[in-house]
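Survey of secondary and tertiary structure
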Amino acid sequence: MRLTSRIVDYVLAQVAPPTAAEQRLIDDTTALGGIAEMQIPHEQGALLTLLAKLVDARTIVEVGTFTGYSTLALAKGVAPGGVVLTHDISSDWSELATRAWKEAGVADRIQQRIGPAAPALAGLPEEPFIDLAFIDADKVGYLEYWELLVPRMAENGLILVDNVLYAGEAADEDATGNAKAIQEVNAHIRADERVESVLLAISDGLTIARKKRAREFPGDRARAEVTP
Ligand SMILES: C[S@@+](CC[C@H](N)C(=O)[O-])C[C@H]1O[C@@H](n2cnc3c(N)ncnc32)[C@H](O)[C@@H]1O
């Protein structure tokens, strides 16, 4: 089905409308010009909030803050006392983001780290503790972020990966550059036995991957079968 603007409006009408703080952040980001297209759409924000609530996420890690819209959506879903650790290489939009988080009343549960995400993720504790992760930054870094995050995910934790269709270019046989990087990470996720995943054609494509429980791994299942 081709999504006409009428259908997109209809889809948007099926979620609660943006709050005043969210609408201001959408407007402020739109005023930045073409770069605003990096912001996830409102209905995807609603999905992030819902998924965070579904897994009762206490620790959320985000790669790619930009002006903080997805961070705000995640913070709305984080469990009481929980935290959203969000990473961005640039502080250019931090003021805008912080203002919106304060206005939305969620600033107290967000910590932003400025700098390249890979070393920051590598510095996180190694024991599995992340309940939900959202990857939405430089496409060539996705594979590294994935490999750094999977071992740190709690059992049943969710890794969400954005832009996995890359405007449809991910499906091209002769994909190059960012589209090729996305293609490679999609194939990597599909073959990764540590997770169960599905790629949704929402927005620019969103993969939802669930970290399997230890007992779901083939090796563990085989051991369980011989154990009386
Ligand atoms: C698509 S935007 C994130 C959009 C945001 N999630 C939202 O919905 O508003 C990608 C962000 O990744 C950041 N980024 C790019 N390379 C990065 C890196 N190596 N480490 C951390 N952040 C990076 C960019 O500065 C940019 O803000």
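Residues numbered from 1 in each chain as written. Predicted model: local features only at pLDDT ≥ 70, side-chain atom pairs only at ≥ 80, totals over all residues. Heavy atoms only, no water.

A separate point is the pattern of salt bridges. One pass over the full model with this rule turns up nine salt bridges. R109 is the partner of D108 in a salt bridge, and the nearest nitrogen-oxygen pair spans 3.3 Å. What makes D108 exposed here is its relative accessible area of 64%. By relative accessible area, which is 24% here, R109 ends up partly exposed. (Salt bridge = Lys/Arg side-chain N within 4 Å of Asp/Glu carboxyl O. Buried < 20%, exposed > 50% of the residue type's maximum accessible area, 1.4 Å probe, protein only.)

Right, let's get into helix 5 (residues 94–104). Inspection of helix 5 places S94, L96, A97, A100 and W101 among the buried residues, and these make up the whole buried set. Down the axis of helix 5, the buried side of the element spans an arc of 160°, and every buried residue falls inside it. Turned more than 90 degrees off the buried face of helix 5, the exposed positions are E95 and K102. Close packing links the buried residues of helix 5 with helix 2 (20–30), helix 4 (69–77), strand 2 (83–88) and strand 3 (110–114). (Helix = DSSP H or I, 4+ residues; strand = E, 2+ residues; numbered from the N terminus. Arc of directions from axis to C-beta. Contact = heavy atoms within 4.5 Å.)

Turning our eyes to something else, we now look at the sheet that holds strand 2. Spatially, seven strands are ordered 3-2-1-4-5-7-6 in an open sheet, and the strand pairing comes out mixed. Edge positions in the sheet fall to strand 3 and strand 6 (195–200), since each has one partner strand and no second. Each adjacent strand pair in this sheet contributes to an overall mean axis angle of 15°, direction not counted. Pairing geometry for strand 2 and strand 3, over five bridges, is parallel. When the sheet's bridge partners are listed, H87 is paired in strand 3 with R113. (Pairing = 2+ DSSP bridges. Axes fitted to C-alpha atoms, helices over the stretch in contact; angles between N-to-C directions.)

Fair warning: the whole summary comes from geometry, so function is off the table for now.
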